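Observations on the three-dimensional arrangement
Residue-level listing of the chains:
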Amino acid sequence: MDKYVINGGKPLHGEVEISGAKNAAVAIIPAALLVDGVCRIENLPQISDVEMLLTIVSDLGCKVKYINKSTVEVDARNATYKDAPFELMRKIRASYYLIGSMLGRFGVCKTTMPGGCNFGVRPIDQHVKGMEALGATIDVKSGFVLGDVQGGKLHGARIYLDKVSVGATMNIMIAAVLAQGRTIIENAAREPHIVDLANFLNSMGADVRGAGTDTIKVNGVEKLHGGCYTIIPDQIEAGTYMVAAAATGGEVLIKNIIPKHLECITAKLRETGTIVQQYEDSVLVKGASTLRRANVKTLPYPGFPTDMQPQIGVLLCLANGTSVITEGIYDNRYKYVSELRKMGAEIQVDGRVCVIEGGHRLTGAPVMACDLRAGAAMVIAGLCAAGQTEVEDIHYIERGYENFVGKLRALGADIRIEEFPDDQDGYDKVVCIPV
Ligand code: EPU
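Residues numbered from 1 in each chain as written. Predicted model: local features only at pLDDT ≥ 70, side-chain atom pairs only at ≥ 80, totals over all residues. Heavy atoms only, no water.

One key point about sheets: their strands pair by backbone hydrogen bonds, in either a parallel or an antiparallel sense. Judged by pairing direction, the sheet is antiparallel, and its 3 strands sit side by side in the order E6-E8-E7 without closing on themselves. Each edge of the open sheet is held by one strand with a lone partner, namely strand E6 (108-112) and strand E7 (136-141). Strand-to-strand twist across the sheet, computed as the mean angle between neighbouring axes with direction ignored, equals 10 degrees. Two strands pair when backbone bridges link them, and E6 and strand E8 (residues 144-149) are joined in this way by 5 bridges, in the antiparallel orientation. By the bridge assignment for E8, Lys110 is matched with Leu146. Packed onto the sheet, helix H4 (residues 97-106) meets E6, E7 and E8 and runs at close to 160 degrees relative to E6. (Pairing = 2+ DSSP bridges. Helix = DSSP H or I, 4+ residues; strand = E, 2+ residues; numbered from the N terminus. Axes fitted to C-alpha atoms, helices over the stretch in contact; angles between N-to-C directions. Contact = heavy atoms within 4.5 Å.)

See below:
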């Protein structure tokens, strides 16, 4: 398996450009299936989840054409119904958006349960509830999701989500744009990528209002037309470089971002003593000589994102004093802790709470990327640690970070990829020791 080899101890310095948002891109590509025309998507991140979704929609009959490395045209006019390609669908979480887009486009779907990072049970009951409210019959059995709409067309409905869910909010929006009548989603998630999906859909002729608040209204339209849309910058990629700069005691200008999306991360970094200067579309992060402890609770947006929890966990290992992290979204997002302990971190986990006794220098060790953000956290730990760290199972990291190694090397990091010729994608293979 390919791995990253990192010689730690070098502060990061310089500038880094942030790519398009993964969690917006992975919804926008399936949503393009609804568009009756050519849909040009700009600022697509070059990551494996995006490649996989483009393969899935092209398997469904969409013409996919790369204009340049971050711009793609998707033409869904000749798409016809067929079962979604199961092997690919199983590998990624965002394949669940095909449920909404296939029901909206064809009135029928057969897909697998989604894959993705394993943070404990990740049900899709709120997606199912939404699709059923819109008039679909959904049957989830033996790992498959079968959906059918009598008469072929969904109808608007009022849906109150029992849980704030990013995926369910976006999936219902996708399904509702071509439905007959008005859909109201209450207790909706408010993440930046939800607004981005709404903006994408509206730029193709949809009528979606209120995205970014907890009530989203979708007035169904007859059809969507082609157009051009530019995806927003990735909040979590930006946050990851912010923490990497802070943890290594470096100074990094993080460019092509929306500072507003990073406010909770900025506020938390400032609590640790890190200096963060905000500009119009960039932030400058300067590491503190001594880091202070902080407590973190992950919450839906605008709270601190769960997708930054492992990365901030590494920073807090270096900060003086005891820090407490409370995971507010997932049951099991601490698998990276057993890996960090191999590097000398002192961390105790009790359910959704983890207590970090900080102030110790980490030492390099062979570790695994247990999932996407855990993997990014291991890289940050390796950049700070004394000696050499080898991070295995890097395919997880490559699902969500464009050119991670290249960007870090440009900031002065001593990191390289060691390639093994017989590598397979390995999406489902990693077993981390539970804590
Ligand atoms: N949940 C349910 N039922 C549902 C849906 C969700 O109980 O039908 C629960 C989940 O188990 C979880 C909580 O609700 O406890 C929130 O889940 P949500 O639906 O918001 O998460 P998701 O849509 O599966 C997306 C991102 C994740 C990110 C979460 C939270 C994508 C493809 N994935 O997942 O991103 O952690 O929102 O912000 O957009 C990542 O990028 O590393 C990543 C894991």
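The structure having been displayed, the exposition proceeds.
Leu197, Phe200 and Leu224 are the most contacted members of the largest nonpolar core, which has 80 residues in total. When sequence neighbours within four positions are dropped, the list of residues in contact with Leu224 reads Leu34, Val35, Asp36, Val177, Leu178, Leu201, Met204, Gly205 and Ala206. Val243, Val296, Tyr336 and Ala365 belong to the second-largest nonpolar core, a separate cluster that totals 72 residues. (Core = buried A, V, L, I, M, F, W, Y, C linked by side-chain atoms within 4.5 Å. Buried < 20%, exposed > 50% of the residue type's maximum accessible area, 1.4 Å probe, protein only.)

Lining the immediate surroundings of the ligand are 24 residues, of which Tyr96, Gln126, Ser165, Asp307 and Ile329 lie closest. Residue Gln126 places a main-chain N or O atom 2.7 Å away from an oxygen atom belonging to the ligand. Taking 820 Å² as the accessible area of the ligand by itself, protein coverage stands at 93%. Mapped onto the shell around the ligand, the elements with two or more residues apiece are helix H1 (22-31), helix H5 (125-133), helix H6 (166-176) and helix H12 (372-384). In terms of residue count, H5 provides more of the shell around the ligand than any other element does, 3 residues in total. Among the residues forming the shell around the ligand, the class breakdown is 10 nonpolar, 6 polar and 8 charged. (Near = heavy atom within 4 Å. Polar contact = N/O pair within 3.5 Å; in protein donor to acceptor, adjacent residues only side chain to side chain. Areas by Shrake-Rupley, 256 points an atom, 1.4 Å probe, with all protein chains shown as cover. Nonpolar A, V, L, I, M, F, W, Y, C, P; charged D, E, K, R; others polar.)

This next bit is on the packing of aromatic side chains. By the definition in use, this model includes 7 aromatic pairs. The interplanar angle of 75 degrees and the centroid separation of 5.9 Å between the aromatic rings of Tyr241 and Phe404 together place this pair among those described as edge-to-face. Highlighted residues: Tyr241 in helix H8 (residues 235-248) and Phe404 in helix H14 (residues 404-410), separated in sequence by 163 residues. An identical accessibility class is assigned to Tyr241 and Phe404; each is buried. Taking the centre distance of 4.7 Å and the plane angle of 25 degrees together, the rings of Tyr401 and Phe404 count as stacked. Take Tyr401 and Phe404: they sit in the same class, and that class is buried. Through successive ring pairs, a cluster of aromatic residues spans Tyr241, Tyr401 and Phe404. Positioned above the aromatic ring of Phe144 is the side chain of Lys110, whose terminal nitrogen or guanidinium carbon lies 5.1 Å from the ring centre. (Phe/Tyr/Trp six-rings, centres within 6.5 Å; stacked < 30°, edge-to-face > 60°. Lys NZ or Arg CZ within 6 Å of the ring centre and 35° of its normal.)

Right, let's get into the packing of H8 against helix H10 (residues 309-318). Where H8 contacts H10, the two axes come as close as 9 Å, and the packing angle between them is 10 degrees. By the criterion of interaxial angle, the relationship of H8 to H10 is roughly parallel. In terms of crossing hand, the pair formed by H8 and H10 is left-handed. Within the contact between the two elements, H8 uses Ile236, Thr240, Val243, Ala246 and Ala247 and H10 uses Gln311, Ile312, Leu315 and Leu318. (Parallel < 35°, antiparallel > 145°, perpendicular 65-115°, else oblique. Left-handed = near helix turned anticlockwise from the far one by under 90°.)

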